[in-house]
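# Coordinates in review
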Amino acid sequence: MSAQLLEALAAALNDGSVETVDLTHTLDPDFPVIVLPPEFGQCARFRMEEVSAYDHRGPSWKWHNITISEHTGTHFDAPAHWITGRDQPQGHVDEIAPGRFLGRACVIDCSEGAARDDDHELTPEAIAAWEAAHGTIPPDSWVLMRTDWSKRSGAAYLNMREDGAHSPGPTPEAIRLLVEERGIRGFGTETVGTDAGQGMHYTPPFPAHHTLHGAGRYGLQCLRNLDRLPPTGAVLMAAPLKIRHGTGSPLRVLALVPRSTDNGEATA
Amino acid sequence: MTDPISPPPKKNPQARTRTPTLPPLTRSRAALGLTAAAAEGRFMLQVCDGCGAVQYPPRDACVQCLSTALTWRDVTPAGRLIATTRVHASPDPYFRERLPWRTGTVQLDAGPSVICHLHGDCESGARVRLINRLDKAGHGVIMALPEEATPNMADDPQLREMTADPKHRRVLITDARAPDAPALAKAMLEAGASTVFLGEAEGWRPWPGREALAAMEGVSILPLDVTDTSSARELAGEIGGKTDILINNARFIRPGGMFDRGDTVFPGREMEVNYLGLLRLAQAFGPAMRGRGADGVNSAAAWVNILSAHALINAPDHATFCASQAAALSLSQALRAELRAGGVKVMNLYVGPTDDDWHQPLPPPKVAPAALARSLVAGLRDGLEEVHCGDVARDIAERWRRDPKVLEREIGQEGLG
């Protein structure tokens, strides 16, 4: 049975009836990272140094040394990233069972609200409305908050003002509902973090980090192309690098989706 | 009076850029004392410890008493011009390109007579003021100036060979976000710079003061992150051929001793910005600047590093920052040697604690941005290699010269503040 399933999936991938959507930003030195008060250590920006390029430094080959933080670019947050998740079993990226990296995704479209309000919140009411239309969020799902924030660039992305960043995110109640009542596997956003830009002012501060990781769940941030996913029915592939005791990792996030009726071409 | 230099015309794209040539490089070890003094703009000559005679040119022994105990001392820089010569022919490539060239003989008030370069406004028989400056080869040479300032005297072509005057030159200041950037940009424009390029890292992160800087006439803000090799290369690709003076004011500093944080995150960042940043800039901009050392009125002239005075000696309460400054100082010496072939000077401007956020809890004296900018302009106008800005920097340099070991122990207890 499962052999036939995989055979059918392989065939569907080949003929394009299952499409692969890339939810990943390019690792680029100019891609924003989270900015903390300067007395704290900071997230390393992506950097690339050419080691050789078919030249006197290495005649037949080209390669680079790269520098990144675990939390640079499109990245995965493991439970150990947050103080609430520090004692979670399998809390580091190298310990997580590989099966946890593949799973279904529900996409909640908050793009209208985010277009109106930079501090737009995902609330329990919004989740209820989504469920009324698409059914209850199944256990162990990824929930992705679509805001179209990934279409912003430059200073508009962090949207930093004197009182900090302004970008959408979930309320403490919403993330508790997702984790405690729906039992989600993880929560993903298009913004620089799983929490709102002003997330430090909630109780608890940074509720997505606090609640997700405290319950052993995962985070994905700096996602893109969420507007190309159906509300339900996508399968997410999000496998972080196997870093010893790593608290997160940049990664390539892919989604398998049924071919959209109005667009028959495979997307990348 | 001197004819003022006109702003240079746009470069003829069909004309070959003149290859820099240098005045004679060979000097005796004794004569290098003049070079060392010129690096700081001091007029020093050998003075015999035995008989007190002041002598020139430098030698290994006193011409009066044969004592070898000769000490370089500051000497009154004044005398009378007793003979002048205008050289119209020379076999030396450097001087051939710059003829005619005035030289003269000056009877110094301090004793010896010297043959020296001559400012165009010096008249035979007149009293003159003497300066010791670095020529294009980076050697100390003596030049006579009129006793009183004359109109446009800095524009004298022979004097301009010895200086790195910002007038009509294009300046790159590498970190627009740095607290000293507005003062530096303003000072450069006031000194006659035609353009000030300001490097901006991480345009996605807003910063106060950007609007005011961008609104200054003659200022262009361009992307530059000294921690990113590709960024330095890209900007050099754009403006490397018209960067006449490069001021590296990029700096990362976090207070703390080496045991305080117990990691290498901030120290790594200090090395990335303060040391590797300098290296990246040097690799990206250095070759083009070296090639443009004789490119007319707005030739490449100088590279300026703003360094902590504690590059010379470590203050343990800022241990890793000081180490990064020492690394930058060491690299600046190599950069100076590399750029010398183009006649481009490397000036290190040493400062004590600066009046900014990261030195906020320290007591005065602290160097204000405007004071730093003043020292920098003055240093460029004098073509110096070593400038100590403020009391703390001067004090540290003096104590370091006296006894580095004593200073190590003292600063080891005092720290930065």
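In terms of helices and strands, chain A carries 6 helices and 15 strands. Its C-alpha atoms give chain A a radius of gyration of 19 Å, near enough to 18 Å, the size a compact globule of 268 residues would have. Reported as C-alpha extents along the three principal axes, the dimensions of chain A are approximately 65 × 55 × 40 Å. Within the span of chain A, comprising 268 residues, buried residues form 38% of the whole.

The next subject is the pairing of strand S9 (residues 170-173) of chain B. All names here are of chain B. Both faces of S9 are covered, namely the face carrying Arg170 and Leu172 and the face carrying Val171 and Ile173. Alignment of S9 against strand S10 (residues 195-200), held across 4 bridges, turns out to be parallel. Looking at S10, one finds that Val171 is bridged to Val196. Crossover S9 to S10 through helix H4 (residues 181-190) is right-handed.

Let's shift gears to the interface of chain B and chain A. At the junction of the two partners, chain B supplies 10 residues and chain A supplies 13 residues. Considered class by class, the residues forming the side of chain B that touches chain A number 3 nonpolar, 5 polar and 2 charged.

The next subject is the domain arrangement of chain B. All names here are of chain B. By the assigned domains, chain B splits into domain 1 (32-162) and domain 2 (170-414). Just the C-alpha atoms count here: the centres of domain 1 and domain 2 sit 31 Å apart. Contact residues are listed per partner, giving 9 residues for domain 1 and 9 residues for domain 2. Residue classes in the side of domain 1 that touches domain 2 are distributed as 4 nonpolar, 2 polar and 3 charged.

Below, the discussion takes up unusual backbone geometry. For the bond running from A:Thr203 to A:Pro204, omega is -5 degrees, close enough to zero to count as cis. With respect to the element layout, A:Pro204 can be found in the loop between strand S11 (186-189) and helix H6 (207-214). Put simply, B:Tyr56 and B:Pro57 share a cis peptide bond, and its omega is -5 degrees. You will see that A:Gln90, though not glycine, has its phi angle at about 50 degrees, which is positive.

Among the nonpolar cores identified, the biggest contains 101 residues, and B:Ala144, B:Ile173, B:Val304 and B:Leu349 are the most heavily contacted of them. Broken down by element, this core gets its largest block of residues, 7 residues, from helix H7 (residues 265-291) of chain B. Shared between two domains, this core holds at least three residues of each, these being domain 1 (32-162) and domain 2 (170-414) of chain B. Discounting chain neighbours no more than four positions away, the residues touching B:Ile173 are B:Ala181, B:Leu184, B:Ala185, B:Val196, B:Leu198, B:Gly199, B:Ile247 and B:Asn249. Judged by nonpolar contacts, the second largest core, of 50 residues, contains A:Val33, A:Ile108, A:Leu144 and A:Leu229.

Glancing now at the sheet that holds strand S13 (residues 302-308) of chain B. All names here are of chain B. One open sheet accounts for 7 strands, arranged S11-S10-S9-S12-S13-S14-S15; its pairing is parallel. On the outer flanks of this sheet lie strand S11 (219-223) and strand S15 (386-389), each paired with one strand and no other. Going across the sheet, the axis of each strand differs from the next one's by a mean of 20 degrees, ignoring polarity. Inspection of the sheet shows S10 paired to S11 by 5 bridges, in the parallel sense. When the sheet's bridge partners are listed, Gly199 is paired in S11 with Leu222. Here helix H10 (residues 391-402) sits on the sheet and contacts strand S14 (345-351) and S15; the angle it forms with S15, its principal contact strand, is near 125 degrees.

A few words on the sheet that holds strand S7 (residues 127-134) of chain B. Residue and element names in this part refer to chain B. Read once around its circumference, the closed barrel built from 5 strands follows the order S4-S5-S6-S8-S7, with strand pairing classed as mixed. Geometrically, the sheet is characterised by an average inter-axis angle of 45 degrees between neighbouring strands, direction not taken into account. As defined by bridge partners, strand S6 (residues 113-118) adjoins strand S8 (residues 140-146) across 2 bridges and the pair is classed as parallel. From the neighbouring strand, His117 faces S8, where its bridge partner is Met143. The strands touched by helix H1 (residues 32-39) within the sheet are S7 and S8, with S7 carrying the most contacts at an inclination of about 95 degrees.

Parameters at a glance
Residues numbered from 1 in each chain as written. Chains lettered and ligands numbered in written order. Predicted model: local features only at pLDDT ≥ 70, side-chain atom pairs only at ≥ 80, totals over all residues. Helix = DSSP H or I, 4+ residues; strand = E, 2+ residues; numbered from the N terminus. Rg over C-alpha atoms; globule rule 2.2 N^0.38 Å. Buried ≥ 20, exposed ≤ 12 C-beta atoms within 10 Å, placed from the backbone. Pairing = 2+ DSSP bridges. Right-handed = clockwise from strand over helix to strand, strands pointing away. Contact = placed C-beta atoms within 7 Å. Nonpolar A, V, L, I, M, F, W, Y, C, P; charged D, E, K, R; others polar. Domains from an automatic or database assignment. Core = buried A, V, L, I, M, F, W, Y, C linked by C-beta atoms within 7 Å. Axes fitted to C-alpha atoms, helices over the stretch in contact; angles between N-to-C directions.

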